[in-house]
Amino acid sequence: MNTALIGLSGLFGLAIGSFLNVVIYRVPFGLSVVSPPSACPNCHREIRPYDNIPVVSWLILRARCRGCHEPISFRYPLVEAGCASLFAGVAWHLGVSWLVPAYCALMAGLLALALIDFDHLKLPKNLVWIHLGGVGALLALSSGVYDNWKALWIAAICALGWASMFFVINFVSPRLLGFGDVRFSLVLGLALGYLGVDYAVLGFLLSNLIGLSITVILVAAKRLTVNQPVPYGVFLAIGTVVAFFTGATILAPFHLNDIFY
Ligand SMILES: [Zn+2]
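Computed from a prediction, not measured in an experiment: that's the story for all the values here.

**With respect to the overall build of the protein**
Counting secondary structure elements, the protein contains ten helices and zero strands. The secondary structure elements of the protein, listed N-terminal to C-terminal, are α-α-α-α-α-α-α-α-α-α. In summary, the protein has a C-alpha radius of gyration of 19 Å against a globular reference of 18 Å for 261 residues, a match within 12%. When the backbone C-alpha atoms are referred to their principal axes, the protein occupies close to 60 × 50 × 30 Å.

**A word on the domain arrangement of the protein**
Under the domain assignment, the protein is made up of domain 1 (1-95) and domain 2 (97-261). Domain 1 and domain 2 are separated by 24 Å when their C-alpha centres are compared. At the level of elements, helix 1 (2-26) and helix 3 (75-94) are the ones that each hand at least two residues to the side of domain 1 that touches domain 2. For the side of domain 1 that touches domain 2, the element with the highest residue contribution is helix 3, accounting for ten residues. Partitioned by chemical class, the residues of the side of domain 1 that touches domain 2 number 13 nonpolar, five polar and no charged.

**Observations regarding the nonpolar core**
Ranked by size, the top nonpolar core spans 73 residues in total, and within it Cys-83, Tyr-103, Met-107, Leu-111, Ala-112 and Leu-113 carry the most contacts. Contributing elements (two or more residues each) for this core: helix 1, helix 3, helix 4 (99-120), helix 5 (125-146), helix 6 (149-172), helix 7 (179-195), helix 8 (197-220) and helix 9 (232-251). For this core, the element with the most residues is helix 4, which contributes 16 residues. Counting contributing residues per domain, this core is built from domain 1 (1-95) and domain 2 (97-261), each supplying no fewer than three. Those residues in contact with Cys-83, other than ones at most four positions away along the chain, are Gly-13, Leu-14, Ile-16, Gly-17, Leu-20, Ala-108 and Leu-111.

**Considering helix 4**
What sets the pattern is the α-helix's 3.6 residues per turn: residues three or four places apart point alike. Its 22 residues place the ends of helix 4 31 Å apart at the C-alpha level, agreeing with the 32 Å of an ideal helix rising 1.5 Å per residue. Phi turns positive, to about 55 degrees, at Leu-121, one or two residues after helix 4.

**Quick word on the environment of His-69**
Its place among the elements puts His-69 in the loop between helix 2 (56-60) and helix 3. Taking the C-beta count within 10 Å as the criterion, His-69 has 13 such neighbours and is therefore assigned partly exposed. Remark: the alpha-carbon pair of His-69 and Leu-192, spanning 123 residues in sequence, is separated by 44 Å.

**A word on the environment of Val-34**
As for its placement among the helices and strands, Val-34 is situated in the loop between helix 1 and helix 2. Accessibility expressed as a C-beta count within 10 Å gives 9 for Val-34, which makes it exposed. For the pair Val-34 and Val-22, spaced twelve residues apart in the sequence, the C-alpha separation amounts to 8.7 Å.

**Observations concerning the packing of helix 6 against helix 8**
At a minimum axis separation of 10 Å, helix 6 and helix 8 run at an interaxial angle of 25 degrees. On the basis of their axis angle, the class for helix 6 and helix 8 is roughly parallel. Between helix 6 and helix 8 the crossing geometry is right-handed. Counted together, Ile-154, Cys-158 and Trp-162 of helix 6 and Val-197, Ala-200 and Phe-204 of helix 8 form the full contact between these two elements. For the contact of helix 6 with helix 8, the residue count by class is six nonpolar, no polar and no charged.

**A closer look at helix 3**
Under the 1.5 Å per step criterion, the end-to-end length of helix 3 is 28 Å for 20 residues, consistent within 8% with the ideal 28 Å. If you check which residues of helix 3 are buried, you get Tyr-76, Pro-77, Val-79, Glu-80, Cys-83, Ala-84, Leu-86, Phe-87, Ala-88, Gly-89, Val-90 and Ala-91. Here the buried face of helix 3 lies against helix 1, helix 2, helix 4 and helix 9. After helix 3 finishes, the residue Gly-95 shows a positive phi value of roughly 70 degrees.

The rules we used
Residues numbered from 1 in each chain as written. Predicted model: local features only at pLDDT ≥ 70, side-chain atom pairs only at ≥ 80, totals over all residues. Helix = DSSP H or I, 4+ residues; strand = E, 2+ residues; numbered from the N terminus. Rg over C-alpha atoms; globule rule 2.2 N^0.38 Å. Domains from an automatic or database assignment. Nonpolar A, V, L, I, M, F, W, Y, C, P; charged D, E, K, R; others polar. Core = buried A, V, L, I, M, F, W, Y, C linked by C-beta atoms within 7 Å. Buried ≥ 20, exposed ≤ 12 C-beta atoms within 10 Å, placed from the backbone. Contact = placed C-beta atoms within 7 Å. Expected span 1.5 Å × (residues − 1). Axes fitted to C-alpha atoms, helices over the stretch in contact; angles between N-to-C directions. Parallel < 35°, antiparallel > 145°, perpendicular 65-115°, else oblique. Left-handed = near helix turned anticlockwise from the far one by under 90°.

Pasting the structure below:
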């Protein structure tokens, strides 16, 4: 059952990854993600369904458009394969559980928002709210099925806690941390907090540690100036993914939740 779930989640992740490519490409420009159909950015030839199979089509076409032979970015299959791996990883990590859809939704949103932040240095408001709403609704569904509303309450408190800390940092120095990151942190706190307060603490520490170290390294290597904005959402997303997958191992010796509740 577990192997089937991992395989199915991976396949579903491939399809979602293909959609995320459209989201990453269009949402920052305020364009619709449903129409018009995907087309080659160079020759505007509409991409046929048989050329739109995740990863496979890119390989068959040898990374070139069928019409104009312009190269197709390596990032498209990478996003698809990345999303498939994340979805399969969630299924493997959680096993057969109603939490699988919630954390797959979390991963899909993290992937899209991290790449948009990387490209445009912004986290589109609407997309963050959709992400928060989707993950929140799926976590609530799981709480309903397992009658575990306590986890959802703790998750909500973690979301507000994380966002409050970021709100203060944003208030003190908006350049260090944009308001988009404050909004984004609600989803991170909610999703990690649902697994336990210790997960939320770990995610908070990891993402900021990753963010600050990389920023310091880039500044030291003169690849970045102190005043240059940094796509902090990327680090927040990475820290959250790492906390989700390694939390159980890292947190086991500490029994942090005994302190919290
Ligand atoms: Zn073309």
